[in-house]
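Analysis of the macromolecular model
One-letter residues, chain by chain:
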Amino acid sequence: MAAERAYWLAWSRIKDVGPVTIKRLWEHFGSLAEAWQAPASELLRVDGIGLISADKIVALRPKLKPAELVAQHEKENQCFWTPADPDYPALLFAINDPPPLLYYRGNFRLNDDPNVLTVGIVGTRSPSVYGRRWTQRLSTELADQGAVIVSGLAKGIDTEAHTSCLKRRGSTVAVLGTGVDIVYPANNQGLYEQIAATGLVVSEYPDGTLPDKTHFPQRNRIIAGLSRAILVTEAPARSGALITARLANDYCREVYALPCALDNSQGEGCLHLIGQGAQMIFGEQALMAALVALPPVETVVLPGRNGMSAAARPEQASSEAIAAPASNASTPVKESVSELSPLLCQVLEAVPIQPAGLDQIVVVAQVSIGEVLSALVQLELLGLVTQLPGMHYQRI
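Now for a quick tour of the structure. All residue numbers refer to positions counted from 1 along the written sequence of the respective chain. Given that this is a predicted model, residues contribute local features only at a pLDDT of at least 70 and side-chain atom pairs are listed and counted only at 80 or more, while totals for whole chains, interfaces and linings are drawn from all residues. Working from all heavy atoms in the structure, the side-chain values ignore hydrogens and water.

Points about the sheet that holds strand S12 (residues 356–357)
- Two strands are counted as paired when DSSP detects at least two bridges linking them. Segments assigned H or I by DSSP are reported as helices when at least four residues long, segments assigned E as strands when at least two residues long, and all are numbered from the N terminus. One open sheet holds the three strands; their spatial order is S12-S14-S13, and the pairing between them is antiparallel. Each end of this open sheet is capped by a strand with a single partner; those strands are S12 and strand S13 (385–388).
- Residue contacts follow a heavy-atom distance rule, with two residues in contact if any of their heavy atoms lie within 4.5 Å. Note on definitions: angles span 0 to 180 degrees between N-to-C directions of axes, and those axes are lines fitted to C-alpha atoms, for helices only across the stretch in contact. Sheet strands in contact with helix H17 (residues 369–381) are S13 and strand S14 (392–395), and its direction is about 110° off that of S13.

Okay, structure coming up:
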């Protein structure tokens, strides 16, 4: 297990090899240690690795010493997991782009009870009184029923979800877009300390990583990946919460949205989600009945875990899952390309008409994966690209 842990770190240090490709390497070879020794001809059999990428990988590998790399990283970051570690959340590994490294604070472990219900709650940073009230009511009921609340520690809906759960002495997980030692926003310091003391704080960024707008789209996929169901309690038409919901749908997780008045612009995104097939929240009791009836998860055994259960995935997708977003019902009229920032133009040019994987877009765009993800979120909200299952995108 220790050896395999080193290779999850080493592969994450290979330029242009992102989480999707690393997961595919593991699936193809059954071990990242074995993949590390593979020749270019064998690497080419992995979807997403082209001739140039395979040659780059073979050229870069001798410069990295996995055992030395992980030893140094453990000195600098003592609290982190890789999928080779038994505490790495099983449900998160089931997605197609799990983070190779997950840093943490806290003693709560999601794998202690495989039957525990994890529910993500997301929404606007500027909620109405209605949005706050219902977020509090739903979080309170979920905590009372033993569910784990997952959110992003942001102001607004996230803060209401975490706080309401803690008031009922429930368990909550905060997923950060910074290092786990950085509190953002700063006025949530007290809330952060409560969560770290009784729950769990996680991030894919090492200690000392400051807030950056490119980090939060990546953070949202972890919220979706850790959750069996996502609740969007209030979100405007252009909101990162809608991207979280769409990712959850891609991961075969249930998506619920709270209806609101037609003249409440802060909840317009929820109405769009319901129109696309998200399940409507009718109240605490009805929601709990639906969540309790969710199909059980299926576990598989992962190499490197000495027979421990790992990747959990739903047995089947919901029959009422959100429809494919090709219709762009939740996006405004397309914005003129001439009005886009240089980065958005660069990423848009890298997105082809035919579906392309995230890693391929990163290579073509020649910018970091974080910048690409941030740009794709903005382009999707502008109605210029659409996301397809499996972290594939295409230009509209």
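Remarks on the nonpolar core
- Residues grouped as a nonpolar core are buried Ala, Val, Leu, Ile, Met, Phe, Trp, Tyr and Cys residues, joined through side-chain atoms within 4.5 Å. Categorising residues by exposure relies on relative accessible area from a 1.4 Å probe, with only protein chains included: less than 20% of the type maximum marks a residue as buried, more than 50% marks it as exposed, and the intermediate range marks it as partly exposed. Core analysis: the largest hydrophobic core is formed by 100 residues, its most contacted members being Trp-11, Leu-25, Leu-43, Val-173, Leu-226, Val-232 and Val-372.
- When residues in this core are grouped by element, the largest group, seven residues, is from H17.
- Ignoring anything within four residues of it in the chain, the contact list for Trp-11 reads Val-17, Ile-22, Leu-25, Leu-32, Ala-35, Trp-36, Leu-43 and Ile-57.
- In terms of nonpolar packing, the next biggest core, distinct from the first, is built from 21 residues, Val-119, Ile-121, Ile-149 and Ala-161 among them.

Some remarks on helix H10 (residues 189–198)
- Every buried residue belonging to H10 is among Leu-191, Tyr-192, Ile-195 and Ala-196, and all of these are buried. Down the axis, H10 shows its buried residues gathered within 135° of arc, on one side only.
- Those residues of H10 hidden inside the fold are in contact with strand S2 (102–105), helix H9 (157–167), strand S5 (171–175) and strand S6 (200–203). It is the directions from the helix axis to the C-beta atoms whose arc is reported.

A few points about the sheet that holds strand S9 (residues 279–280)
- The strand order across the open sheet formed by nine strands is S1-S2-S6-S5-S4-S3-S7-S8-S9, and the pairing between neighbours is mixed. The open sheet is flanked by strand S1 (80–81) and S9, the only strands paired with a single partner.
- Its contacts with the sheet put helix H12 (residues 240–250) on strand S3 (118–123), strand S7 (229–234) and strand S8 (254–257), and the angle it makes with S7 is roughly 160°.
- Along the sheet, helix H14 (residues 284–292) makes contact with S3, S7 and S8, crossing S8 at roughly 175°.

Quick word on unusual backbone geometry
- Put simply, Tyr-184 and Pro-185 share a cis peptide bond, and its omega is 0°.
- As for its position among the elements, Pro-185 is in the loop between S5 and H10.
- If you check the backbone angles, Asp-16 has positive phi at about 70° while not being a glycine.
- One can find Asp-16 in the loop between helix H1 (2–12) and helix H2 (19–29).
- One non-glycine residue with positive phi stands out, namely Gln-366, at about 60°.
- With respect to the element layout, Gln-366 can be found in the loop between helix H16 (358–365) and H17.

As for H14
- Where H14 is concerned, the buried positions are Glu-284, Leu-287, Met-288 and Leu-291. Down the axis of H14, the sector holding all buried residues measures 95°, keeping them to one side.
- In this structure, the buried side of H14 is in contact with S3, helix H8 (129–144), S7 and S8.

A look at empty space enclosed by the protein
- Put plainly, a pocket is an open set of points on a 1 Å grid over the protein atoms alone with protein on both sides within 12 Å along at least five of seven lines, a cavity is a set where a 1.4 Å probe fits but cannot get out, and a lining residue has an atom within 4 Å of a point. Grid points are joined across faces, edges and corners, and a volume is the space filled by probe spheres set on the points. Here the structure, examined in full by the defined rule, presents four cavities of 30 Å³ or more.
- Lining the largest cavity, in full, are Pro-217, Gln-218, Arg-221, Ile-243, Leu-247, Leu-373, Leu-376, Val-377, Glu-380, Gln-387, Met-391 and Tyr-393.
- Elements with a minimum of two residues in the lining of the largest cavity: helix H11 (215–226), H12 and H17.
- For the lining of the largest cavity, the leading source of residues is H17, giving four residues.
- Each residue belonging to the lining of the largest cavity can be placed in one class, and the counts come to eight nonpolar, two polar and two charged. Amino acids outside the nonpolar list (Ala, Val, Leu, Ile, Met, Phe, Trp, Tyr, Cys, Pro) and the charged list (Asp, Glu, Lys, Arg) are all regarded as polar, and Gly is one of them.

Observations regarding the pairing of S14
- Sheet topology note: the S12/S14 ladder contains two bridges and is antiparallel. Counted as the bridge partner of Gly-357 is His-392 from S14.
- Relative to S14, S13 runs antiparallel, the two being bridged by four bridges. Bridging across to S14, Thr-386 finds its partner in Gln-394.

A short note on the packing of helix H15 (residues 342–350) against H16
- Axis separation between H15 and H16 bottoms out at 8 Å; the angle between their running directions is 125°. As far as their axial angle goes, H16 and H15 are oblique. Helix-helix and strand crossings are classified by hand; for H15 and H16 the assignment is right-handed. Between H15 and H16, the contacting residues are Gln-346, Val-347 and Ala-350 on the first element and Ile-361, Val-364 and Ala-365 on the second. The labels follow the angle: roughly parallel below 35 degrees, roughly antiparallel above 145, roughly perpendicular from 65 to 115, and oblique for the rest. Crossing handedness is defined as follows: a turn of the near helix away from the far one that is anticlockwise and smaller than a right angle gives a left-handed crossing, while the clockwise case is right-handed.

Honestly, it's all geometry; don't read function into it.
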